[in-house]
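Structure at a glance
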Amino acid sequence: MLDLLRFVAALGVVLFHFGETRAWGTPNAFPALSAVTMFGSYGVRLFFMISGFVILMSAWGRSTGEFAASRIARLYPAYWASVIVLGALALAGLITDHRPTVSELLANLTMLQHGMKVRDLEIVYWTLWQELVFYVMIGCFSAVGITYRRCLGFMAGWTFLLLIGERLDISLLKVVLVQFSAPYFIAGMALFLIYRFGGSLLPWLFVATAWILALVQLLGERPPAVTRFGEATGSALAVGVISLIFLVMCLVALGKLDGLDWKWFTVLGAVTYPLYLFHHHIGFLLIQWLHPILGNRLTLPVVLLTVVGVAWLVYRLVEVPLQPRLKSALARSLRADAS
């Protein structure tokens, strides 16, 4: 089921970007459709909650080295492919809004460009920094040893320090604790505890607290829906979408959606990450080229199918062969001192 939710989150982001892109030559290419797809931007919040759930599950019972090796092997092959391909397109003049410098491309290859204060090659890369910081936190946690009670303490400390950082406006805490995505990571972790150990009170309190923090943060940003639908309706819609994300993940944690775990969902889950990485730049170029010829209504499904096809090719030609090799190489490197 999580594979399907990943794909739905990615598809929401894709539709949001394709509906809003200036490649159409007008901000109102799909005025009716955009009233729905504008909420696709919240797909990244669902990604973060799924990560909280899955990453804690992945780290449980593993050493820090094993956890790091699995995450590096999972993230980097498709990411390197996206930087190389999209960077080459941009250097050739096929750009969305910015021609990167060589130093920007080199920084982006590390996935650490935010730490270097270097511009992202692609607008979607900003979420990867949030994920990396979370992985480092969980990696450090795994060095201590992950247990149920320690998870409760970890989430309590994270929540408290988030509030201190906000109250005293401490930038260091806001950055280190990934203020934007933290409520979703914490909720995902708490839901994994419910999934593994049952629905006792304390994990549910963390889910509820994370939900409140997420809504306070969301409404403080003044959601775009407020501008479009008015204060009351726009706020209610935004709150409804975030609450739906929490509700669906609660159902996953309780096992209520296990019957929907069909085999082909695995394929959707496999193409999700490459789709997220590649869709914006390639979609922008295709929309720009095709919409004057095919018209807007035909161009949109053609471009959607094309970017999903590109994602599948990246999965088959890059991730399938490289991920196990990179993971094995990292595992051997961790044991280099054994001789």
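To be clear, the structure that these remarks concern was listed above.
Everything in this summary refers to the structure shown in the same document. (Residues numbered from 1 in each chain as written. Predicted model: local features only at pLDDT ≥ 70, side-chain atom pairs only at ≥ 80, totals over all residues. Heavy atoms only, no water.)

Turning our eyes to something else, we now look at the packing of helix H4 (residues 64–91) against helix H13 (residues 265–294). Contact geometry of H4 with H13 gives a least axis separation of 9 Å together with a crossing angle of 10 degrees. With respect to H13, the axis of H4 lies roughly parallel. The residues of H13 that touch H4, namely those facing Arg74, Leu75, Ala78, Tyr79, Ala81, Ser82, Val85, Leu86, Leu89 and Ala90, are Tyr273, Leu277, Phe278, His281, Ile282 and Leu285. Tallied by class, the residues present in the contact of H4 with H13 amount to 13 nonpolar, two polar and one charged. (Axes fitted to C-alpha atoms, helices over the stretch in contact; angles between N-to-C directions. Helix = DSSP H or I, 4+ residues; strand = E, 2+ residues; numbered from the N terminus. Parallel < 35°, antiparallel > 145°, perpendicular 65-115°, else oblique. Contact = heavy atoms within 4.5 Å. Nonpolar A, V, L, I, M, F, W, Y, C, P; charged D, E, K, R; others polar.)

This part is about the environment of Phe141. Along the chain, Phe141 turns up in helix H6 (residues 126–144). Sequence-distant contacts of Phe141, defined by excluding residues within four places in its chain, comprise Ile146, Arg150, Cys151 and Phe154.

Positive phi values are uncommon outside glycine, yet Met111 reaches one of about 70 degrees. Within the fold, Met111 resides in the loop between helix H5 (102–110) and H6. Positive phi outside glycine occurs at Val178, with the angle close to 40 degrees. Mapped onto the elements, Val178 comes out in the loop between helix H8 (171–176) and helix H9 (182–197).

The next point concerns the packing of aromatic side chains. Applying the stated criterion to the full structure yields 24 aromatic pairs. The interplanar angle of 50 degrees and the centroid separation of 6.1 Å between the aromatic rings of Tyr184 and Phe246 together place this pair among those described as tilted. With Tyr184 in helix H9 and Phe246 in helix H12 (residues 231–253), this residue pair connects regions lying 62 residues apart in the sequence. Aromatic rings pair up to connect Phe48, Phe67, Trp126, Phe134, Tyr135, Phe141, Phe154, Trp158, Phe180 and Phe185 into one cluster. Across the ring face of Tyr135, the terminal group of Arg71 is positioned such that the distance to the ring centre comes to 5.7 Å. (Phe/Tyr/Trp six-rings, centres within 6.5 Å; stacked < 30°, edge-to-face > 60°. Lys NZ or Arg CZ within 6 Å of the ring centre and 35° of its normal.)

Turning next to a nonpolar patch on the surface. On the surface, Val267, Trp312, Leu313 and Leu317 cluster together into a nonpolar patch covering about 410 Å² of accessible area. Looking at the nonpolar patch, the element that brings in the most residues is helix H14 (residues 296–334), giving three residues. Tracing the backbone shows Val267 in helix H13. (Patch = residues over 30% accessible without salt bridge, like charges linked within 9 Å, V, L, I, M, F, W, Y side chains within 5 Å. Areas by Shrake-Rupley, 256 points an atom, 1.4 Å probe, with all protein chains shown as cover. Salt bridge = Lys/Arg side-chain N within 4 Å of Asp/Glu carboxyl O.)

This part is about the state of the cysteines. In the structure shown here, the tally under the stated rule is zero disulfides. Between Cys140, a cysteine without a disulfide, and Cys151, which holds the nearest cysteine sulfur, the sulfur-to-sulfur distance is 14 Å. We note that Cys250 lacks a disulfide partner, and the nearest cysteine sulfur, in Cys151, lies 17 Å from it. (Disulfide = S-S within 2.5 Å.)

On to the packing of helix H1 (residues 2–20) against H14. Put simply, H1 and H14 touch, their axes get as near as 12 Å, and they point 135 degrees apart. Taken as axis vectors, H1 and H14 run oblique relative to one another. Taken as a pair, H1 and H14 cross one another with a handedness that is right-handed. Where H1 approaches H14, its residues Leu11, Val14, Leu15 and Phe18 are matched on the opposing element by Leu300, Val303, Leu304 and Val307. (Left-handed = near helix turned anticlockwise from the far one by under 90°.)

Before going further, it helps to examine the side chain of Ser34. Relative to the helices and strands, Ser34 is located in helix H2 (residues 31–37). One polar contact links the side chain of Ser34 to the main-chain carbonyl oxygen of Pro31, over a distance of 3.1 Å. Engagement of the side chain of Ser34 in a polar contact is seen with the side chain of Arg228, the distance being 2.9 Å. If sequence neighbours within four positions are ignored, Ser34 has contacts with Glu20 and Arg228. (Polar contact = N/O pair within 3.5 Å; in protein donor to acceptor, adjacent residues only side chain to side chain.)

Attention shifts here to helix H3 (residues 43–59). Over its 17 residues, H3 extends 24 Å from the first C-alpha to the last, a length consistent with the 24 Å expected when each residue adds 1.5 Å. Within H3, 16 of the 17 residues are buried, leaving the element largely enclosed by the surrounding structure. Immediately beyond the C-terminal end of H3, within one or two residues, lies Gly61, with a positive phi of roughly 80 degrees. (Expected span 1.5 Å × (residues − 1). Buried < 20%, exposed > 50% of the residue type's maximum accessible area, 1.4 Å probe, protein only.)

The next point concerns the pattern of salt bridges. Counted by the stated rule, this structure contains seven salt bridges. Note that Arg74 is salt-bridged to Glu319, the shortest N-O span being 3.1 Å. Taken together, the positions of Arg74 in helix H4 and Glu319 in helix H14 put the pair 245 residues apart, joining distant regions of the chain.

Further remarks concern the nonpolar core. Ranked by internal contacts, the top residues of the largest apolar core, which has 106 residues, are Tyr79, Tyr125, Trp158, Leu191, Ile242, Phe246 and Met249. Here Phe246 is in contact with Met49, Tyr184, Ala187, Val207, Ala210, Trp211 and Ala214, once residues within four sequence places are set aside. (Core = buried A, V, L, I, M, F, W, Y, C linked by side-chain atoms within 4.5 Å.)

Summarising the element assignment, Gly240 is placed in helix H12. For the pair Gly240 and Leu4, spaced 236 residues apart in the sequence, the C-alpha separation amounts to 21 Å.

Across its 21 residues, helix H7 (residues 148–168) extends 30 Å between first and last C-alpha, which sits within 8% of the 30 Å expected from 1.5 Å per residue. Among all positions of H7, only Cys151, Leu152, Phe154, Met155, Trp158, Thr159, Leu162 and Gly165 are buried. The arc that holds every buried residue of H7, seen down its axis, measures 165 degrees, which confines them to one face. When the buried face of H7 is taken as reference, the exposed residues oriented beyond 90 degrees from it are Arg149, Phe160, Arg167 and Leu168. Contacts made by the buried residues of H7 are with H3, H6, H8, H9 and helix H10 (201–220). Just beyond H7, the residue with positive phi is Asp169, at close to 55 degrees. (Arc of directions from axis to C-beta.)

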